[in-house]
Amino acid sequence: MAAGNGEFSFRSSGGRNNLPKIQTHKKAEDVDNDDKICHDDSARPVKANTLDELHSLQKKKSAPTTPIQAAQGFFSEEQRHKQQLQSISASLASLTRETGPKVVRGDPARTTPETPRVPAASDQQHHFAPTFNISDSGLKFTHILYNLSPAELYEQAIKYEKGSYITSSGALVTLSGAKTGRSPRDKRVVRDETTEDLWWGKGSPNIEMDEHTFLVNRERAVDYLCSLEKVYVNDQFLNWDPEHRIKVRIVSARAYHSLFMHNMCIRPTPEELENFGTPDFTIYNAGQFPCNRYTHYMTSSTSIDLNLARREMIILGTQYAGEMKKGLFGVMHFLMPKRQILSLHSGCNMGKEGDVALFFGLSGTGKTTLSTDQNRYLIGDDEHCWSENGVSNIEGGCYAKCIDLSREKEPDIWNAIKFGAVLENVVFDEHTREVDYSDKSVTENTRAAYPIDFIPNAKIPCVGPHPKNVILLACDAFGVLPPVSRLSLAQTMYHFISGYTALVAGTEDGIKEPTATFSACFGAAFIMYHPTRYAAMLAEKMQKHGATGWLVNTGWSAGSYGSGSRIKLAHTRKIIDAIHSGALLETNYTKTEVFGLEIPTEVEGVPSEILDPANTWSDKKAHKDTLLKLGGLFKKNFEGFLDYKIGTDNNLTQQILAAGPNF
């Protein structure tokens, strides 16, 4: 059978195994075109001779093309890449060899197995090879995976890191190893001339080490990272205020850590990355490798070391990513006050009219829940700065607790856990990959890290005007603090320094007595200077900009835990709404015993009888005894701060002390 259009025909014989042969024919109009062949569609053949060439066509180049301005003119792309690699090699420099490793940009899995040759000037693969004393590390290249995208980091994690999977919502789930939380007892700060004015001694979170020991640990971390075939490098920013932005570089061995910091720090634009230059602070995360327990100051195989003079942080012996986030927060607590900027462990939101509120509170007080308000813009959920320009978020992401997370209770967080987010230590169904947020098999401290723009009402850029309200949250399980109190400046400083909440011990051991918890400035583990220094800065800024302090109890009423009841969230939200609207500034107030707190006589939507705790307790003697007990706990806690004087006359210290419980 022959085709009528002259394209092909079947012949009944001549084919292999007596099968008909297909014979192609040129069309009449193609007789003179010898390069034409028969196609089953109209597409041209691909411009590739090998599979590798075909795969190279699949991905287009996305490197920044904007030239970088230099003193001598504009840098070419090749010069820019070389400068970046020189900077990274310098960051990884060994102190004993006084030079950095040979570095080459790109994934070693996508290059030839052999050590890369020294490229010619025309090669596209950029490298930097400093002069080395002869050693094994001088004979190899370290591949730099620089500022990879989330998609690229997903590929790296799933291929090379055991325990990494994609959940049904699209988030990357991973494990942080043996450590599922921070190790504050293993954190060290180099004590030298730079840090002599830090808070040292009893009650301080700063445990000292000498510079020599830091350098020993630094060498250990850097040698480990340089021994790897590849390392991940993130160049990012802290602080959304462009006048006070800090450049940070994170060098890590895991894609999980790189994606975590990609989410938590502020992500530079391609143009900002071109002009990044030398970082202001560098983290060396060698968490998979332990420290040497025989090294001076070491108490375990874990060590998190800060050298503020060198602007460096070392992580050994823990893969928990939160160490990087909170380590940088400590750095900001050191750097910002030197610029007369107050660093704060708080949530922050802003109303439609530009009114800003700060929320302070320890775990379980409702800080995240109350600062996340559908009717207000979210500036940030955890770390902020208050400067002469207003407030600014330090971070570019959120680090939310996931235990018992539900779509109904926390819809914004639930919806933010999608492609690009990191889920730590959660349990999921092996077939459907659906996460069971109630499962504590790995740890109760399950977490999600995601960019802040995953929250629909996030304010981008994350900055706002000076706050109008400063809200201190306490979950008082003793049941004697009012649902809301207006604070004087001195009272605000006292309760800010105290950082109080009370939680109930686990019922599994039969203990139901409330336990008081105090954390100075609502973040004692991260502050660098004495708490009263931060409190004085807070009071100064509140006074200058007319902000009002409030103490809000989200805990118990009509009795302590076990006899009373938890204050309803709906009532607390009404109180917060009244603070935002300014309605609580217009009402009448009465004063409580012992703590001397001013409480409103009415709040719209809240039963008036619960506003004064004395009215809600049926046993008045029990109420008075519990009130005196809590007052005593406050006084005992505050004794640790009396040895620090503010100013030459110490008047401010005495004013703060007088604002506490009065027996």
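Every chain's residues receive numbers from 1 upward, in the order its sequence appears when written. Reporting of local features is limited, given that this is a predicted model, to residues whose pLDDT is at least 70; pairs of side-chain atoms are given and counted only at 80 or more, and all residues count toward the totals for whole chains, interfaces and linings. Excluded from the side-chain calculation are hydrogens and water; included are all heavy atoms of the structure.

Undergrad: Could you clarify how one ought to interpret the overall build of the protein in this entry?
TA: A run of H or I in DSSP counts as a helix once it spans at least four residues, and a run of E counts as a strand once it spans at least two, with each numbered from the N terminus. Helix and strand counts for the protein stand at 15 helices and 37 strands. Only protein chains enter the accessibility calculation, which uses a 1.4 Å probe. A residue is then buried if its area is under 20% of the maximum for its type, exposed if over 50%, and partly exposed in between. Across the 663 residues of the protein, 53% fall into the buried class. Counting contacts in the protein only where the partners sit at least 6 residues apart, residues at least 24 apart contribute 72% of the total. Total accessible area on the protein is roughly 31400 Å²; 50% of this is exposed by carbon and sulfur atoms. It only takes one pair of heavy atoms within 4.5 Å for two residues to be counted as in contact. Residue burial considers only the protein chains on display, and all accessible areas are found by Shrake-Rupley using a 1.4 Å probe.

Undergrad: Hey, could you run me through the pattern of salt bridges in this one?
TA: In a structure, side chains of opposite charge can pair up when their charged atoms sit close to one another. Salt bridge, as used here: a side-chain nitrogen of Lys or Arg that lies within 4 Å of a carboxyl oxygen of Asp or Glu. Enumeration according to the criterion identifies 18 salt bridges in this entry. Measuring nitrogen to oxygen at the nearest pair gives 3.2 Å for the salt bridge that ties Glu161 to Arg254. Of this pair, Glu161 sits in the loop between α3 (150-160) and β8 (165-166) while Arg254 sits in the loop between β13 (246-252) and α5 (255-264), placing them 93 residues apart in sequence. In this structure, Glu598 and Arg486 form a salt bridge, with 3.0 Å as the shortest nitrogen-oxygen distance. Of the two residues, Glu598 is situated in strand β37 (residues 598-600) and Arg486 in strand β30 (residues 484-487); the sequence distance between them amounts to 112 residues. You can call Arg486 partly exposed: its relative accessible area is 23%.

Undergrad: Any chance you could explain the pairing of strand β15 (residues 303-307) here in plain terms?
TA: For a regular strand, side-chain orientation follows a simple rule: the groups alternate between the two sheet faces. β15 sits mainly inside the fold: 5 of its 5 residues count as buried. Of the two faces of β15, the one lined by Ser303, Asp305 and Asn307 and the one lined by Ile304 and Leu306 are each fully buried. In this analysis, strands are considered paired if DSSP registers two or more bridges between them. Both strand β10 (residues 187-190) and β15 contribute to a ladder of 3 bridges, which runs parallel. From the neighbouring strand, Arg188 faces β15, where its bridge partner is Asp305.

Undergrad: How do you make sense of the nonpolar core when you look at a structure like this?
TA: Buried together is how nonpolar side chains tend to be arranged in soluble globular proteins. Think of a nonpolar core as a cluster: buried Ala, Val, Leu, Ile, Met, Phe, Trp, Tyr and Cys residues, connected wherever their side-chain atoms sit within 4.5 Å. Within the largest apolar cluster, 127 residues are counted, with the highest numbers of intra-cluster contacts made by Phe281, Trp386, Ile417, Leu423, Tyr450 and Phe496. The element contributing the most residues to this core is helix α7 (residues 322-338), with 8 residues. Beyond its immediate stretch of four places on either side in the chain, Phe281 contacts Lys247, Val248, Arg249, Leu306, Leu308, Arg311, Glu312, Met313, Leu328 and Val331.

Undergrad: Teacher, can you tell me more about the packing of aromatic side chains here?
TA: The geometry of an aromatic ring pair is captured by two quantities: the separation of the ring centres and the angle between the planes. Two aromatic rings, drawn from Phe, Tyr or Trp (for Trp, its six-membered ring), form a pair once their centres lie within 6.5 Å of each other, and the interplanar angle then sorts them: stacked below 30 degrees, edge-to-face above 60, tilted otherwise. According to the stated counting rule, one finds 21 aromatic pairs in the structure shown. Consider the rings of Tyr494 and Phe634, whose centres lie 6.2 Å apart with planes at 20°: the pair is stacked. With Tyr494 in helix α10 (residues 489-498) and Phe634 in helix α14 (residues 620-638), this pair connects stretches of sequence that are 140 residues apart. What makes Phe634 buried here is its relative accessible area of 1%. Centroid distance Tyr494 to Phe638: 4.4 Å. Interplanar angle 20°. Geometry classified as stacked. In this pair, Tyr494 is assigned in helix α10 and Phe638 in helix α14, connecting sequence segments 144 residues apart.

Undergrad: Before we go on, may I ask you to explain the side chain of Thr372 in this structure?
TA: By secondary structure assignment, the location of Thr372 is in the loop between α8 (367-371) and β20 (377-380). Residues adjacent in sequence count toward polar contacts only when both atoms are side-chain atoms; beyond that, a polar contact is any pair of N or O atoms within 3.5 Å, and within protein one must be able to donate a hydrogen and the other to accept it. A polar contact of 2.8 Å, which involves the side chain of Thr372, links it to the backbone oxygen of Thr368. In contact with Thr372, other than residues within four places in its own chain, are Asp412 and Arg573.

Undergrad: Just checking my understanding: could you explain the side chain of Glu395 for this structure?
TA: Looking at where Glu395 falls in the secondary structure, it is placed in the loop between β22 (390-393) and β23 (397-401). Among the polar contacts made by the side chain of Glu395, one reaches the side chain of Lys325 at a distance of 2.6 Å. Once you skip the residues sitting within four places of it in the chain, Glu395 turns out to touch Trp240, Met264, Ile266, Lys325, Asp381, Asp382 and Glu383.

Undergrad: How should I be thinking about the sheet that holds β23 in this particular structure?
TA: As a general point, the strands of a sheet are linked pairwise by backbone hydrogen bonds and lie either parallel or antiparallel. Read from one edge of the open sheet, 5 strands run β8-β9-β24-β27-β23, paired in mixed fashion. Only two strands of the sheet have a single neighbouring strand rather than two, namely β8 and β23. Here strand β9 (residues 172-174) pairs with strand β24 (residues 422-424) via 3 bridges, running parallel. Along β24, the bridge assignment pairs Leu172 with Val422.

Undergrad: Help me understand the packing of α10 against helix α15 (residues 651-658) in this model?
TA: The axes of two packed helices give the description: the angle between them and the distance between them. Running from amino to carboxyl end, α10 crosses α15 at an angle of 80°, the nearest separation of the two axes being 8 Å. Here α15 runs roughly perpendicular to α10, going by the angle between their axes. Where α10 abuts α15, its residues Ala490, Met493, Tyr494 and Ile497 lie against Leu652, Gln655, Ile656 and Leu657. Taken together, the residues of the contact of α10 with α15 break down into 7 nonpolar, 1 polar and no charged. For helices, the fitted line uses only the C-alpha atoms of the stretch in contact; every axis is such a line through C-alpha atoms, and the angle between N-to-C directions lies from 0 to 180 degrees. Should an angle fall under 35 degrees it is called roughly parallel, over 145 degrees roughly antiparallel, and 65 to 115 degrees roughly perpendicular, with every other angle called oblique. Here the nonpolar group is Ala, Val, Leu, Ile, Met, Phe, Trp, Tyr, Cys and Pro; Asp, Glu, Lys and Arg are the charged ones; every other residue, Gly included, is treated as polar.

Undergrad: Looking at this model, I keep getting lost on the sheet that holds strand β17 (residues 342-345). Mind explaining?
TA: As summarised here, the arrangement of the 4 strands in space is β17-β21-β22-β28, forming an open sheet in which the pairing is antiparallel. Two strands in the sheet have a free side with no partner beyond their single neighbour: β17 and β28 (463-464). Relative to β28, β22 runs antiparallel, the two being bridged by 2 bridges. Bridging from a neighbouring strand, Ser392 pairs with Val463 of β28. Along the sheet, α7 contacts β17 and β21 (383-387); its crossing angle with β17, the most-contacted strand, is approximately 150°.

Undergrad: Before we go on, may I ask you to explain α3 in this structure?
TA: Along an α-helix, residues three or four apart share an orientation, since each turn contains 3.6 residues. Looking at α3, one finds that the buried residues are Pro150, Leu153, Tyr154, Gln156 and Ala157. Within α3, the buried residues cover an arc of 170° as seen down the axis, which keeps them to one side. Contact partners of the buried residues in α3: β7 (141-146), β8, β9, β12 (230-238) and α5. For this quantity, the arc is that covered by the directions from the helix axis to the C-beta atoms.

Undergrad: Please clarify how the environment of Thr96 should be interpreted in this entry.
TA: Structurally, Thr96 is set in the loop between α2 (77-91) and β5 (102-105). When its relative accessible area of 63% is taken as the criterion, Thr96 is described as exposed. Spatially, the C-alpha atom of Thr96 lies 10.0 Å from that of Leu215, the residues being 119 residues apart in sequence.

Undergrad: When you look at the packing of α5 against α7 in this model, what are you seeing that I'm missing?
TA: In the contact formed by α5 and α7, the axes pass within 9 Å of each other and the chain directions differ by 40°. It follows from the interaxial angle that α5 and α7 lie oblique. The crossing of α5 and α7 is right-handed. Where α5 approaches α7, its residues His257, Phe260, Met261 and Met264 are matched on the opposing element by Gly322, Met324, Lys325 and Leu328. Here is the rule for handedness: rotate from the far helix to the near one, and if that takes an anticlockwise turn smaller than a right angle the crossing is left-handed, while a clockwise turn gives right-handed.

Undergrad: Help me out: how do you make sense of the confidence of the model for the protein in this one?
TA: Fine structural detail should not be taken from predicted coordinates in areas where pLDDT scores are low. What pLDDT expresses is the predictor's confidence in each residue, scored from 0 to 100. When the pLDDT values of the protein are averaged, the result is 87; 83% of them are 70 or greater. Contacts of residues 64-68 to residues separated by more than four positions or lying in other chains number 18 contacts, the stretch itself having pLDDT below 50. Low confidence marks residues 129-134, where pLDDT is under 50. Its contacts with residues over four positions away, or in another chain, come to 14 contacts.

Undergrad: In this structure, what is going on with unusual backbone geometry? I would like to understand it.
TA: With omega at -5°, the peptide bond leading from Ile460 into Pro461 counts as cis. Unusually for a residue other than glycine, Tyr297 sits at a positive phi of about 80°. With respect to the helices and strands, Tyr297 occurs in the loop between β14 (281-286) and β15. A relative accessible area of 25% means that Tyr297 is categorised as partly exposed. At Arg311, a position not held by glycine, the phi torsion is positive, near 60°. Mapped onto the fold, Arg311 is located in the loop between β15 and β16 (312-316).

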